[in-house]
Amino acid sequence: MIEKRRKERIDRGIKACTDDIFCLSSLREISYLLVPRILPVVLVFFLVLVVSLYWKKVLVITFVMTIMAISWDFLASCGLISLGHALFFAMGAYSAGAMNYYLGLPVYVTLPAATLLGGVISSMLVFPALRLRGIYFSVVTLIIPLMLMRVIEATKIIGGTEGISALSPLPGLASSIAISMTAMWVVLFSLRRFITSDYGLIFVALLDNDRAVEASGLNIVWFKIQAIFIGSSICAFCGAFMTHYYMSVGMSAFALDLSIFPVAATVVGGMGTLAGPLLGALILGPLSEALRGFGTFRIVFYAALLVVFIVGLPEGLFHYVRRKYEQIERWVEVK
Amino acid sequence: MEYLNVQGITKTFGGIMAVYDVSFSVDKGSLVGIIGPNGSGKTTLVNVITGFLKPDRGTVLFNGQNITGLRASRITNLGIGRTFQMVKPFYRLPAFKNLVVPLSSPRVKRMGEHYGDKDSTSLDILEDIGFERDSSVPYKPASVLPHGYLKRLEMGRVVALQSELVIFDELFSGLSLAEVASISPLIERLFEVGKTVIMIEHRLKELFRIASKVIVMDLGKKIAEGSPKDIMQDEQVKKAYLGVELKR
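The following refers to the structure shown. Model, not experiment: these values are computed from the prediction.

## Digging into the overall build of chain A
Move 1: Broken down by element type, chain A carries 14 helices and 2 strands.
Move 2: Whereas a compact globule of 335 residues would reach a radius of gyration of roughly 20 Å, chain A reaches 22 Å, a difference of no more than 12%.
Move 3: Across its three principal directions, the C-alpha atoms of chain A cover 75 × 55 × 45 Å.
Move 4: Across the 335 residues that make up chain A, the buried fraction comes to 48%.
Move 5: A separation threshold of at least 6 residues defines the contact pool for chain A, and within that pool the share at least 24 residues apart is 77%.
Move 6: When the accessible surface of chain A is summed, it comes to about 16,300 Å², and 71% of that surface belongs to carbon and sulfur atoms.

## A word on a nonpolar patch on the surface
Move 1: A surface patch of nonpolar side chains, about 740 Å² in accessible area, is lined by A:Leu34, A:Ile38, A:Val42, A:Phe45, A:Phe46, A:Leu47, A:Leu49 and A:Val50.
Move 2: With relative accessibility at 48%, the residue A:Phe46 sits in the partly exposed group.

## Some points on the pairing of strand 7 (residues 165-169) of chain B
Residue and element names in this part refer to chain B.
Move 1: With respect to burial, strand 7 is a largely interior element, 5 of its 5 residues being buried.
Move 2: Taking every second residue as pointing to the same face, both faces of strand 7 are buried, with Leu165, Ile167 and Asp169 on one and Val166 and Phe168 on the other.
Move 3: In this structure, strand 6 (residues 80-82) lies alongside strand 7, joined through 3 bridges in parallel fashion. Paired with Ile80 across the two strands is Leu165, which belongs to strand 7.
Move 4: Of the strand pairs in this sheet, strand 7 and strand 8 (residues 196-200) are connected by 5 bridges, and their pairing is parallel. Each residue of the ladder has a partner; that of Val166, found in strand 8, is Val197.
Move 5: Once the chain exits strand 7 it traverses helix 8 (residues 177-192) before rejoining the sheet at strand 8, and the crossover so formed is right-handed.

## What to know about the sheet that holds strand 2 (residues 16-27) of chain B
All names here are of chain B.
Move 1: Taken in spatial order, the 4 strands make up an open sheet running 2-1-4-5, and their pairing is antiparallel. Unpaired on one side and paired on the other, strand 2 and strand 5 (65-66) mark the two borders of the sheet.
Move 2: Pairing geometry for strand 1 (residues 2-13) and strand 2, over 8 bridges, is antiparallel. Paired with Lys11 across the bridge in strand 2 is Val19.
Move 3: Its contacts with the sheet place helix 1 (residues 42-49) against strand 1, strand 2 and strand 4 (57-62), and it is angled at close to 115 degrees to strand 1.

## A few points about the packing of helix 2 (residues 27-50) of chain A against helix 7 (residues 172-196) of chain A
Residue and element names in this part refer to chain A.
Move 1: Following both chains from N to C, one finds helix 2 and helix 7 inclined at 165 degrees, their axes separated by 12 Å at the closest point. As far as their axial angle goes, helix 7 and helix 2 are roughly antiparallel. Note on packing geometry: the crossing formed by helix 2 with helix 7 is right-handed. Where helix 2 approaches helix 7, its residues Arg37, Pro40, Val41, Val44, Phe45 and Val48 are matched on the opposing element by Ile177, Met181, Met184, Trp185 and Phe189.
Move 2: Looking at the contact of helix 2 with helix 7 residue by residue, the classes come out as 10 nonpolar, no polar and 1 charged.

## Things to note about helix 11 (residues 256-269) of chain A
Because an α-helix packs 3.6 residues into every turn, residues spaced three or four apart end up facing the same way.
Residue and element names in this part refer to chain A.
Move 1: Taking 1.5 Å per residue, 14 residues should reach 20 Å; helix 11 reaches 20 Å between its end C-alpha atoms and fits that length.
Move 2: Across the 14 residues that make up helix 11, a large majority, 10, are buried.
Move 3: Among all positions in helix 11, only Leu258, Ser259, Phe261, Pro262, Val263, Ala264, Ala265, Thr266, Val268 and Gly269 are buried.
Move 4: Packed against the buried residues of helix 11 are helix 3 (53-77), helix 4 (85-102), helix 12 (275-290), helix 13 (298-312) and helix 14 (317-326).

## Observations concerning the interface of chain B and chain A
You'll often see interface size given as the accessible area lost when the parts meet.
Move 1: At the junction of the two partners, chain B supplies 26 residues and chain A supplies 20 residues.
Move 2: Counting each side, the surface lost to burial between chain B and chain A is near 2,000 Å², with a carbon and sulfur contribution of 59%.
Move 3: Together, B:Arg71, B:Phe90 and B:Arg92 form the three largest contributors to the area buried by chain B at its contact with chain A, with a combined 29%.
Move 4: Applying the counting criterion to the chain B and chain A interface returns 2 salt bridges.
Move 5: There are 8 residue pairs in polar contact (both at pLDDT 80 or more) connecting chain B and chain A.
Move 6: When residues of the side of chain B that touches chain A are traced back to their parent elements, those giving at least two are helix 2 (72-78), helix 4 (100-103), helix 6 (118-128) and helix 7 (147-161) of chain B.
Move 7: Sorting elements by how many residues they give to the side of chain B that touches chain A places helix 2 of chain B first, with 4 residues.

## Comments concerning the sheet that holds strand 8 of chain B
Residues and elements named next belong to chain B.
Move 1: Read across the sheet, 6 strands follow the order 6-7-8-3-9-10 without closing on themselves; strand pairing throughout is mixed. Single-partner strands in this sheet number two, and they are strand 6 and strand 10 (221-226). On average, adjacent strands in this sheet sit at an angle of 20 degrees to one another, irrespective of strand direction.
Move 2: Across the sheet, helix 8 touches strand 3 (31-35), strand 7 and strand 8, and the angle it forms with strand 7 is around 160 degrees.

## As for unusual backbone geometry
Move 1: The phi dihedral of A:Lys156 is positive, around 60 degrees, even though this residue is not glycine.
Move 2: Unusually for a residue other than glycine, B:Asn63 sits at a positive phi of about 55 degrees.
Move 3: Take B:Asn63: it is sitting in the loop between strand 4 and strand 5.

What counts, and where the lines are drawn
Residues numbered from 1 in each chain as written. Chains lettered and ligands numbered in written order. Predicted model: local features only at pLDDT ≥ 70, side-chain atom pairs only at ≥ 80, totals over all residues. Heavy atoms only, no water. Helix = DSSP H or I, 4+ residues; strand = E, 2+ residues; numbered from the N terminus. Rg over C-alpha atoms; globule rule 2.2 N^0.38 Å. Buried < 20%, exposed > 50% of the residue type's maximum accessible area, 1.4 Å probe, protein only. Contact = heavy atoms within 4.5 Å. Areas by Shrake-Rupley, 256 points an atom, 1.4 Å probe, with all protein chains shown as cover. Patch = residues over 30% accessible without salt bridge, like charges linked within 9 Å, V, L, I, M, F, W, Y side chains within 5 Å. Salt bridge = Lys/Arg side-chain N within 4 Å of Asp/Glu carboxyl O. Pairing = 2+ DSSP bridges. Right-handed = clockwise from strand over helix to strand, strands pointing away. Axes fitted to C-alpha atoms, helices over the stretch in contact; angles between N-to-C directions. Parallel < 35°, antiparallel > 145°, perpendicular 65-115°, else oblique. Left-handed = near helix turned anticlockwise from the far one by under 90°. Nonpolar A, V, L, I, M, F, W, Y, C, P; charged D, E, K, R; others polar. Expected span 1.5 Å × (residues − 1). Buried area = accessible area lost by both parts, 1.4 Å probe. Polar contact = N/O pair within 3.5 Å; in protein donor to acceptor, adjacent residues only side chain to side chain.

This is the structure in structure tokens:
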């Protein structure tokens, strides 16, 4: 039978009202715009306050992984699909560890320094792959961390298989939570602002068509390096933070799950929005922890849930929620 | 003085000779057409001139400067603008944001002729090339625009870049007669303000009306060059390429 009706989507009145300066016309319009932005910040803040010590620690790791996921989505928005985010993480982790262990620098120096140094080293490592596009670039990024891991194992540099331990800790759990949570929101909101700025548009344009960017008089390699540097610095910060959080750094910084988690979080949350991966990571991180009770079956349930998400909501959770928030849907008869 | 001088350009892909020993020159302020059957190497030639491909042999001189093998972005900044045969808009961006990208180029910054923010400059340019300003068209994402508008958007890029030499790679392909008729004046206007134009075209009628010189290519070689009138009379060209078109 032929479908006699179709779904119609119309922007809500209030969505149209808040598209321009008239969003300031009343409290209702202002709150329509502000609530989705402020509510998550407040909710996460109170969530951290009320949960037990164990879950506080889980949340710290979740925040860090969320930052990784946002960084992944940023690079994906620039057409640089990375399958080796562990590389960027490890560069930051080892930079911080080495600076702290060999040079004796304190945490408040190593954190920012490792963020920059990790970004620089990562950019240099990925640079030869930048003329590649699509899956070719992805495969190279997948290989580099696996390769470096074996290099460290074979040459026994910077700690070899044992890694470096007895590093300076972060000053207490409360400050760890504060640093990771603040970093997460800062990364999210600043990147979201950045990619809608005139300068950021060039990065978004890279995904659609890098030849047209080149024909616009802009050197695409230079812009891709900038994108990689921004994305990898953010991950390097995560690595440096986790190094000091665990007070040690080892070859697990190159682990494949560090590369896979951002992809999974982005797929669940929705690509290209930066807020999507945040949503996805905030769900997947604690979920993975909550499933620990299932023992070995944990991965099975986790994977099954991922499949359900991908099949049920291929556009991603964030896109779905935003559509419901901004539009009304109704069935109309097809004449 | 010769504005663009192409000398002995050769480009091969594996064993395929895409362009073989092509030389020609373009005078400042002229409108030159390049024609030829499919696969005759026209687009490859454009890609070599604009830096998207590096030639195996030969040199390209622009305004007396050797630009052979420079990065495409460098060449664009020197003043050669091009459109693509396959339109290459930024699909996810609204039409007017598409032009913000070229407006961010070093060339536009250096020329410093645009005032105000890039969005309003971009809307001005779009209005000039036929996007109705008061409609929603300039604000729609490029992915939903019809082909005619995307071709205009390609043109918008070279207008935004204020390119001195503009190369249109089959601008009219895929357009209806009405759309061609509405875009032609835009090209003539570029020409009138002193820009140099090179057009690769299959629509010979439209091209011959406005071109001052036509270059004919076949199988990677240049086989004829001259005024549209001479080209139409050229036996070799007539026989091999324009046969049907000239029967009337």
